[in-house]
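Understanding the architecture of this molecule
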Amino acid sequence: MAFKNPVQRGGTGRGRFEQFAEYASNFTSSPLFFLFCLLLVGFFVAAHVAHLRLELLLLAGESMTAVTLLLVALLKNAEMRAEHAVQRKLDAIAAALLEAHAGDGSRAFEELRNAIRMEEET
């Protein structure tokens, strides 16, 4: 079983996951989410300062861990999508340059031709 990033799965339209990832990314960059995180950290600090029961301390710590894990996954997805978009644009520029200089057999254009889709080899 091969795991592929959503941008590599093909298709012209955006799927539900892509839409959800964009909405989640927009929400996590909002002041409302920052306030939520600030309250979560405040609850964590207050729970320790007030010497609350162990269950509440665990709830505070595990809530912060869960939010952190979700943010890391969201950040990685956004990074992969941005990297893929930049690579597609660079490939389009390289293809346009090659097309504009069709017939020019210089070494630079041969290297440019070989560089297209190089990211798939790594």
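Please refer to the structure higher up on the page.
Residues numbered from 1 in each chain as written. Predicted model: local features only at pLDDT ≥ 70, side-chain atom pairs only at ≥ 80, totals over all residues. Heavy atoms only, no water.

Next up on the list: the packing of aromatic side chains. Summed over all chains, the structure comprises two aromatic pairs. Residues Phe27 and Phe33 carry aromatic rings whose centres are separated by 5.5 Å and whose planes lie at 70° to one another, so their mutual orientation is edge-to-face. For Phe33, a relative accessible area of 9% corresponds to the buried category. Each ring, one from Phe33 and one from Phe36, has its centre 6.0 Å from the other, and the planes form 35°; the classification is tilted. Taken together, the residues span about one helical turn, with Phe33 and Phe36 both in helix H2 (residues 31-49) at a distance of three residues. Among the aromatic residues, ring-to-ring pairing joins Phe27, Phe33 and Phe36 into one connected group. (Phe/Tyr/Trp six-rings, centres within 6.5 Å; stacked < 30°, edge-to-face > 60°. Buried < 20%, exposed > 50% of the residue type's maximum accessible area, 1.4 Å probe, protein only. Helix = DSSP H or I, 4+ residues; strand = E, 2+ residues; numbered from the N terminus.)

The topology assignment puts Gly61 in helix H3 (residues 54-100). When the C-alpha positions of Gly61 and Val45 are compared, they lie 9.8 Å apart, and in sequence the two are 16 residues distant.

On to the pattern of salt bridges, then. Counting across every chain of the model gives two salt bridges. The partner of Glu55 in a salt bridge is Arg53, and the shortest N-O contact between them spans 3.3 Å. Grouping residues by exposure puts Glu55 and Arg53 together as exposed. Ionic pairing is found between Glu79 and Lys76, a salt bridge with its closest N-O pair at 3.7 Å. (Salt bridge = Lys/Arg side-chain N within 4 Å of Asp/Glu carboxyl O.)

This next bit is on a nonpolar patch on the surface. Where nonpolar side chains cluster on the molecular surface, the patch consists of Phe27, Leu32, Phe34, Leu35, Leu38 and Leu39 and spans about 650 Å² of accessible area. With five residues, the top contributor of residues to the nonpolar patch is H2. In this structure, Phe34 sits in helix H2. Given the relative accessible area of 57%, Phe34 is considered exposed. (Patch = residues over 30% accessible without salt bridge, like charges linked within 9 Å, V, L, I, M, F, W, Y side chains within 5 Å. Areas by Shrake-Rupley, 256 points an atom, 1.4 Å probe, with all protein chains shown as cover.)

What follows is about helix H1 (residues 16-28). The terminal C-alpha atoms of H1 lie 18 Å apart, and with 13 residues this matches the ideal 18 Å at 1.5 Å per residue to within 8%. Its buried side turned inward, H1 meets H3. (Expected span 1.5 Å × (residues − 1). Contact = heavy atoms within 4.5 Å.)

With that settled, consider the packing of H1 against H3. Close contact between H1 and H3 brings their axes to 10 Å; oriented N to C, the two are set at 115°. By the angle between their axes, H1 is roughly perpendicular relative to H3. Where H1 crosses over H3, the two elements pack in a sense that is left-handed. Every residue of H3 that contacts H1 at Phe17, Glu18, Ala21, Ala24, Ser25 and Thr28 is listed here: Leu71, Leu74, Asn77 and Arg81. Its residues placed into classes, the contact of H1 with H3 shows five nonpolar, three polar and two charged. (Axes fitted to C-alpha atoms, helices over the stretch in contact; angles between N-to-C directions. Parallel < 35°, antiparallel > 145°, perpendicular 65-115°, else oblique. Left-handed = near helix turned anticlockwise from the far one by under 90°. Nonpolar A, V, L, I, M, F, W, Y, C, P; charged D, E, K, R; others polar.)

We now examine H2. In this model, H2 (19 residues) spans 26 Å end to end at C-alpha, consistent with the 27 Å of a helix rising 1.5 Å per residue. For H2, the set of buried residues is Phe33, Cys37, Leu40 and Ala47. Viewed along the axis of H2, the buried residues span an arc of 90°, placing them on a single side of the element. Residues Pro31, Leu32, Phe34, Leu39 and Val49 are exposed on H2 and point more than 90 degrees away from its buried face. Contacts from the buried residues of H2 go to H1 and H3. Downstream of H2 by a residue or two, His51 has a phi angle that is positive, lying close to 55°. (Arc of directions from axis to C-beta.)

Distances and angles like these do not, on their own, reveal function.
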